[in-house]
Structure formats: C-alpha cells, structure tokens
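# Structural overview
One-letter residues, chain by chain:
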Amino acid sequence: MKSLSKEDICKLKAAGIDPADVENQLKVLTSVVKAPELVRTATLDDGIQLYTKAEEDGFQTIWKTYLEKGKPVYHFIPASGSASRFFKDLYAFLKAPYVTPQTNFEKNFFKHLSSFAFYNELNRLCIEKEGKEVSDLMEVGKFKLIVEYLLTDKGLNYCQLPHALFKFHTDKSKTFTAVAKYLPKKFFKYYSSWEDTRTPIQESLIESAMVSGVKGGIVNVCYTIQKGDRDVIQDYVREFKQPIEKKFGVQFYITLPIQSTETDTVTVDEKGEVKRDSDGNIKHCPSGHGALFLNLNQTPADVIFIKNIDNEASDSLKKLTSGYKRVLGGILIFNFKQIKKFLRMLDKDDVPDDKLIEIINYVENTLNVKRQSILRMPREEQIEFLRTKLNRPLRVCGMVKNEDEQGGMPCWVKNPDGTISLQIVEYYEVNEHPELLKIFNASTHFNPVDMACCVTDYKGKKFDLSKFANPDAWILCKKQNSDGTICTHLDRPGLWNGCMADWNTIFVEVPIKTFNPVKNINDLLRQEHQN
C-alpha cells in the first residue's frame, strides 16, 4: 500500500479531514484488528435478567417518579440513513432479464402492494402518468414501470428520500387532517400527499412522548441526520409535531445534529490499495454507527434512550414498546441510586467489612464485572478497584430472543485488565475467527438497539464518554462489488460496541414484539406494521 501523496494530503485538509487519521485508517485496514476475547454468550440467569410483572411495574413507578422531578431525558435516534437501502431487491428486479416477478420477494411485494402506506400516492401518480391504476398496470405486465414510478425521478423518487420520512404505516387516527391547513406550500415538493400515513419520525415522537412525557413538560428528541436532509426534516418535524404535542400535553424540543463527514472512512481493494474516484481523489464512506459517538457525547442529559429510527411500531404495539422502555428507565434509575450510595460509602475513611462484601457482590452480580482475585486483594486495592468500576457510565439494554434477526449479540468478554464483563458484539468483529464465530452463533438473544443510558457520575458531573471507549475496536467489513471483486471498508468502533467497551452493562430480556425492524420494504408487510 502506498503512502498518501502530497496532493492527497492537500485535498484531505481542504475537505476538513485529518490526513493523520486517514494514514491510521490505512494502517488498520492492512493489519490484523484484535477481535474481542469472547468467553461465552450471555443467557438467562448468566448475564441476562428476566423480571416478573410485579417487578416491572415497580420499575415503571420508579421511572414515573424520576420524570416528575423534571430532570432532562433525551431520546437519541440515529436517522442519517437513506431510504434507498429498503429497495435493494426492487433495484435487482429492475436490472433482471425478466419482466414479471420471479423471486418470492418480488411476488410478495406485488401481491400485497395495496397494503403499503404509500400505495394511494403511487396509485394517483400512475393514474396521472398512465391513465391507469396500479392494478391495471399489473394486469398488462407493467411491473417494472410501477417500480420506476416508485423509486426514480420519473415518479415519486423514493430512493432519494431520508428513511426517517418514508411512509411506514397507515394512520387510522387521521391526524393529518388536523394539521394539513397549516402546512407551507413548499412542503409538497418533497411529498405529494401525506394524508392518513405515518413516518418513522411521527412514530418515534409518539413513543418518546409516551416514555418521557409529563403533562406540561418537555420531551427532548435528537435525530442524527445527513447534512443534505436537514431542511426537509426540519420542515417536517416543525409541522407534524403539533398534533402529537396537543394529544399528549407536552412540548417537543427537537435537535437535528449532522453526522459529520469528518468521521467518514476509507476503503481498500483486494490488493490493499485505497479506492479512489474517477478524478483520483480518495473515496470516503460513512463509517457505521460509531460515527455518531461525538453526537452522543455532546447530548446534554443525565439519561439518554437510544433506539434506531427503523425500529418503530404501529399503534397496536405502542403501549407494549413504550412500557418496556419505561421499565428499562426504571431499572437504570434504581441501579444508579445504588451506585451513588455505594460510591459515597467508599468515599468514607472506614467502610465496614459487611458493606464492602455487599458492594463486591453488587459489582459482580448486578453490574456483571467479574474478577477472580478480588477477595485476595489488599483492602486499599479492593476499594480503588470497586470505585473505578462503579464510577462509570451505565447502560441497561433490552435483549430479545434470537429468532434469526440480525443484531449484536450479548457476550461475556475478557478485558485487558483481566476482568470479565458484558459486551455487545457485532458479527463483523468475529467473522474472521471460526472459534469466536461459533460462540457468537450460539447466542440465544440479540440486541435490538433498545437501551437506557446514564452518562453522569454520582456527583452529577457529566462523563467524558471518550474515556470509556476502546479506540482500537475498529470493525473491518468485507463486501463484494458489483463486478465480483472484494473490497474492505473500515467502520469506526461501534456506538454500542467499542464506544461503550468500558461501561457498566445490564442486559434485560424484553418481548420480541418490542423489536419491529424495517430492513427492506417487505418488512412493512409484517403484521406488526399493518396495525
């Protein structure tokens, strides 16, 4: 692999990218990235907690009491993706040598086309352009034309839409009617119709209000977005938050931080040479969810909920999903109070032996930090070890049963200091290591990215989260290009992986119905998304 040229360095600096960072990325791409040292997967009663209904109700009460104190809570929602990824299979259909649906995916899509929330808009467009309804076009075999009208600038141009604004669900409450007259005319250049539909942004606002809303209070929501999407998303939330605010008696404070392009990373080909564009410039691509770490670290709250924008339930599941979020919040607050109590004990000159044993038991069996030699350590070392492990950011992560969905797996991992603790491990962190992959694939649960986090210490000071991250936990992703060649892309340490490597972690089983991902367009045909 060649070093950066003087021209490369000048161009990188002009683009606001640190050449030293790029040099480091290239070194990582051509070296061996240390995989996490998996010990075993976490299971029920071995790292994953399962609470009774009475206990869950108690945690919801704790959360309600916390909210009544008026402390800021933020909902941190990564929303920087494009809707184009939903349509991968439809693009494959457009390029296929056949003209009628052949694969199960294609057949299912067209069979249930009228069930999608965007159908009415697509149907009106087809009537306008062709003088025929969608069903009539299908009867005469114009399947590819329908897809073109859906995805390209020939029609609705959905492939250019931020996925946060894609029509996910039918809105049976008809909240559009209440707000339509207030919409600015310029808004309709982005969408020709909104009536009776809901986007992920609307669904996430409703859920956020149900989780952290108090009558007359403020609900803080942070959507991380791409720079080019800011105007349309800002217009959208400004108008469509109003009926939700009215319904729940709250006010939304919504921030739209940009996912910085400075966090983008490079890709190398099979020969280890950096990929360049047609002008010879180094190509940069988004570096995974770890690129949002700076945004998370700047979020001004004690408590932060993290959830992906594509995991939004319809109304039929809102009570369940918001309820378990409140449970996670209650578990978080309960344990943060325990941590504060124990740290204040350790601040005193003389900690009784029975209290020290109680703290050790809590660190090992609730915060899941195991150290074999802890009882043999000198007392001063014991206290310093416990203080260090207690005084860290805390996260409570929902875990659902593994039903062949993609996601990070809950694992016991050995750390550099000799301790064993809970971590969320991604496939690409272990896929080049057969023995680790065997452990990974045996997981009974996976992480749906549903977590409550506490990011302040016991004295109320906000943690600098960078001090609790593993900057070396890069993730190498090998992907096949359209021409059959293999490239390797570099993702930064994952937001809930390497970026949270030194956090206190509690895993809690939650129902699978709280996880309703939309990875491709046909996922919207699932019962959970059909109200």
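Going by the structure above, here's the rest.
Since the structure is predicted, the reported quantities are computational estimates derived from the model, not experimental observations. (Residues numbered from 1 in each chain as written. Predicted model: local features only at pLDDT ≥ 70, side-chain atom pairs only at ≥ 80, totals over all residues. Heavy atoms only, no water.)

## Focus on the overall build of the protein chain
Of the regular secondary structure elements, the protein chain holds 17 helices and 18 strands. Its C-alpha atoms give the protein chain a radius of gyration of 25 Å, within 12% of the compact-globule value 24 Å for 531 residues. Considering only C-alpha atoms, the protein chain reaches an extent of 85 × 60 × 45 Å along its principal axes. At a minimum sequence separation of 6, the contacts of the protein chain that also span at least 24 residues come to 77%. Here the protein chain has roughly 24,800 Å² of accessible surface; of this, 50% comes from carbon and sulfur atoms. (Helix = DSSP H or I, 4+ residues; strand = E, 2+ residues; numbered from the N terminus. Rg over C-alpha atoms; globule rule 2.2 N^0.38 Å. Contact = heavy atoms within 4.5 Å. Areas by Shrake-Rupley, 256 points an atom, 1.4 Å probe, with all protein chains shown as cover.)

## A closer look at the sheet that holds strand β12 (residues 409-414)
Reading across from one edge, β1-β12-β13 is the order of the three strands in this open sheet, with antiparallel pairing throughout. The two strands at the open ends of the sheet, each matched to only one other strand, are β1 (37-41) and β13 (420-425). The sheet shows a mean angle of 45° between the axes of neighbouring strands, direction not considered. Lying on the sheet, helix α17 (residues 434-441) is in contact with β1, β12 and β13; it crosses β1 at an angle near 30°. (Pairing = 2+ DSSP bridges. Axes fitted to C-alpha atoms, helices over the stretch in contact; angles between N-to-C directions.)

## Topic: the sheet that holds strand β9 (residues 267-268)
On the basis of which strands lie adjacent, the open sheet formed by three strands has the order β9-β17-β16 and antiparallel pairing. With partners counted over all chains shown, the strands left at the sheet margins are β9 and β16 (475-480), one partner each. Across six bridges, β16 lies against strand β17 (residues 486-491) in antiparallel orientation. Bridge pairing links C477 to H489 in β17. Lying on the sheet, helix α2 (residues 19-29) is in contact with β9, β16 and β17; it crosses β17 at an angle near 125°.

## Comments concerning the packing of aromatic side chains
The geometry of an aromatic ring pair is captured by the separation of the ring centres together with the interplanar angle, meaning the angle of the planes. Within this structure, the stated rule accounts for 24 aromatic pairs. With a centroid separation of 5.3 Å and 85° between ring planes, the pair formed by Y158 and F166 is classed as edge-to-face. The class for F166 is buried, based on a relative accessible area of 0%. Taken together, the ring pairs in this structure connect F86, F87, F93, Y98, F109, F110, F116, F118, F143, Y158, F166 and F168 into an aromatic cluster. Its guanidinium or amino end placed over the ring of F93, K144 lies 5.6 Å from that ring's centre, counting from NZ or CZ. In this arrangement the basic side chain of K154 is found over the ring face of Y149, its NZ or CZ atom lying 5.8 Å from the centre. (Phe/Tyr/Trp six-rings, centres within 6.5 Å; stacked < 30°, edge-to-face > 60°. Buried < 20%, exposed > 50% of the residue type's maximum accessible area, 1.4 Å probe, protein only. Lys NZ or Arg CZ within 6 Å of the ring centre and 35° of its normal.)

## Considering the pairing of β17
Counting buried positions along β17 gives five out of six residues, so the element sits mostly inside the fold. Judged from the two bridges that link them, β9 and β17 form a sheet pairing that is antiparallel. In the sheet register, V268 faces β17, and the bridge partner there is T488.

## Some thoughts on the pairing of strand β18 (residues 504-509)
For β18, the buried fraction is high: six of the six residues fall into the buried class. Strand direction decides the pairing type here: strand β11 (residues 394-401) and β18, joined by six bridges, are parallel. If you follow R395 over to β18, its bridge partner there is T505.

## Some points on the packing of helix α13 (residues 315-346) against helix α15 (residues 379-390)
Where α13 contacts α15, the two axes come as close as 10 Å, and the packing angle between them is 150°. The angle between α13 and α15 falls in the class roughly antiparallel. When you trace α13 past α15, the crossing you get is left-handed. Along its contact with α13, which presents I339, F342, L343 and L346, the element α15 presents I383, L386, R387 and L390. Partitioned by chemical class, the residues of the contact of α13 with α15 number seven nonpolar, no polar and one charged. (Parallel < 35°, antiparallel > 145°, perpendicular 65-115°, else oblique. Left-handed = near helix turned anticlockwise from the far one by under 90°. Nonpolar A, V, L, I, M, F, W, Y, C, P; charged D, E, K, R; others polar.)

## A few points about the side chain of N335
For N335, the position within the fold is in helix α13. Every residue in contact with N335, bar those within four places of it in the chain, is listed here: Y362, T366, L394 and I506.

## What to know about the environment of C453
Mapped onto the elements of the fold, C453 is located in strand β15 (residues 450-454). Each C-alpha atom of the pair C453 and A301 lies 9.9 Å from the other, and the pair is 152 residues apart in sequence. The residues contacting C453, other than those within four sequence positions of it, are D302, V303, I304, I306, L332, L394, R395, M500 and W503.

## Some remarks on the environment of L4
With respect to the helices and strands, L4 occurs in the segment before α1 (6-14). It is 9.7 Å that separates the C-alpha atoms of L4 and V274, two residues lying 270 residues apart in sequence. If sequence neighbours within four positions are ignored, L4 has contacts with I9, L12, P19, V22, E23, L26 and I282.

## What to know about the pattern of salt bridges
Counted under the stated rule, the structure contains 23 salt bridges. R276 serves as the salt-bridge partner of D8, at 2.9 Å between the closest nitrogen and oxygen. Of this pair, D8 sits in helix α1 while R276 sits in the loop between β9 and α12 (293-297), and the two are 268 residues apart along the sequence. Take D8: its relative accessible area is 7%, and that puts it in the buried class. When its relative accessible area of 34% is taken as the criterion, R276 is described as partly exposed. Across the pair D347 and R387 runs a salt bridge, and its minimum N-O distance is 3.8 Å. Note that D347 is positioned in the loop between α13 and α14 (353-365) and R387 in helix α15, a separation of 40 residues in sequence. (Salt bridge = Lys/Arg side-chain N within 4 Å of Asp/Glu carboxyl O.)

## Concerning α2
All of the buried residues along α2 are P19, D21, V22, Q25, L26, V28 and L29. Looking at the packing, one finds that the buried side of α2 touches α1, β9, β16 and β17. The opening residue of α2, the one whose side-chain oxygen lies 3.0 Å from the backbone nitrogen of A20, is D18. (Polar contact = N/O pair within 3.5 Å; in protein donor to acceptor, adjacent residues only side chain to side chain.)

## Points about the packing of helix α10 (residues 200-212) against α13
Contact geometry of α10 with α13 gives a least axis separation of 9 Å together with a crossing angle of 45°. In terms of axis orientation, α10 runs oblique to α13. Where α10 crosses over α13, the two elements pack in a sense that is right-handed. On α13, the residues that touch E203, I206, E207, M210 and V211 of α10 are D315, K318, K319, T321, S322, K325 and R326. Looking at side-chain class alone, the contact of α10 with α13 contains three nonpolar, two polar and seven charged residues.

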